Amino acid sequence: YRNIAIVSHSMGSRMSHAFMAQNPGDIKAWAALGLGGTETYAGIKAPVLELYGGDDARVNATVGPAMAKMKELGKTFVEHTYPGAGHGFLRAQDGRDGANLAASRRAWPATIGHLKKYLE
């Protein structure tokens, strides 16, 4: 159980964040599709990949504060925002005139790449 990663979305990302804050050494990588929170990231040791739909105003309002906090803490935080995609773009790939599908096609390889980078 040396190489554990989390891939989460929305509320699952909030739950994952809570878990990692209490078990910081257990998780080696985290890919969150739309975390949408401004939680304190001090307990997170895993490199974080955040993937956002460009048309998710509520969640996107938290990107700047999250990036600033992670940078302040010296943590790895990579963010991609996909234009035109909405919240839950990976689950609703047929929505938004193809923007969700386009985002999914870019986000999934980014997720796999992130996991490979930090789990090897």
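Everything quoted here is computed from the prediction, not taken from an experiment.

Asks: What is the right way to read the nonpolar core from this model?
Replies: Nonpolar side chains tend to gather and get buried jointly when the protein is soluble and globular. Formed by 15 residues in total, the largest nonpolar core has its most connected members in Met20, Trp30, Ile44, Val48 and Phe77. Sorting the residues of this core by element identifies strand 2 (29-33), strand 3 (48-53) and helix 3 (63-72) as the ones contributing at least two each. Looking at this core element by element, the count peaks at 3 residues for helix 3. If sequence neighbours within four positions are ignored, phenylalanine 77 has contacts with Val48, Glu50, Tyr52, Ala66, Met67 and Met70. One finds Ala31, Ala85, Phe89 and Ala107 within the second-largest nonpolar core, a separate group that totals 9 residues.

Asks: Would you mind going over the side chain of asparagine 100 with me for this structure?
Replies: By the secondary structure assignment, asparagine 100 is in helix 4 (residues 99-119). Within the local environment of asparagine 100, its side chain forms a polar contact with the backbone oxygen of alanine 92, the two atoms lying 2.8 Å apart. When neighbours within four sequence positions are excluded, asparagine 100 is seen to be in contact with Ala85, Gly86, Phe89, Ala92, Gln93 and Gly95.

Asks: Can you help me understand the environment of glutamate 50 in this one?
Replies: Looking at where glutamate 50 falls in the secondary structure, it is placed in strand 3. Remark: the alpha-carbon pair of glutamate 50 and threonine 81, spanning 31 residues in sequence, is separated by 8.4 Å.

Asks: Can you walk me through the environment of serine 16 in this structure?
Replies: Residue placement: serine 16 occurs in helix 1 (residues 11-22). In sequence terms serine 16 and proline 109 are 93 residues apart; their C-alpha atoms lie 21 Å from each other. Leave out the neighbours within four places in its chain, and serine 16 touches Ile6, Ser8 and Trp30. A distance of 2.8 Å separates a polar atom in the side chain of serine 16 from the backbone oxygen of glycine 12.

Asks: Got a minute to help me understand the pattern of salt bridges in this structure?
Replies: When the charged atoms of two side chains lie near each other, side chains of opposite charge can form a pair. Enumeration over the complete set of coordinates arrives at 2 salt bridges. Taking the shortest distance from any N to any O, the salt bridge between aspartate 55 and arginine 96 comes out at 3.3 Å. Placement of the pair is aspartate 55 in the loop between strand 3 and helix 2 (57-60) and arginine 96 in the loop between strand 4 (77-82) and helix 4, with a sequence separation of 41 residues. Between lysine 69 and glutamate 72 there is a salt bridge; the shortest N-O distance is 3.4 Å. Of this pair, lysine 69 and glutamate 72 both sit in helix 3, 3 residues apart, roughly one helical turn.

Rules of the game
Residues numbered from 1 in each chain as written. Predicted model: local features only at pLDDT ≥ 70, side-chain atom pairs only at ≥ 80, totals over all residues. Heavy atoms only, no water. Core = buried A, V, L, I, M, F, W, Y, C linked by side-chain atoms within 4.5 Å. Buried < 20%, exposed > 50% of the residue type's maximum accessible area, 1.4 Å probe, protein only. Helix = DSSP H or I, 4+ residues; strand = E, 2+ residues; numbered from the N terminus. Contact = heavy atoms within 4.5 Å. Polar contact = N/O pair within 3.5 Å; in protein donor to acceptor, adjacent residues only side chain to side chain. Salt bridge = Lys/Arg side-chain N within 4 Å of Asp/Glu carboxyl O.

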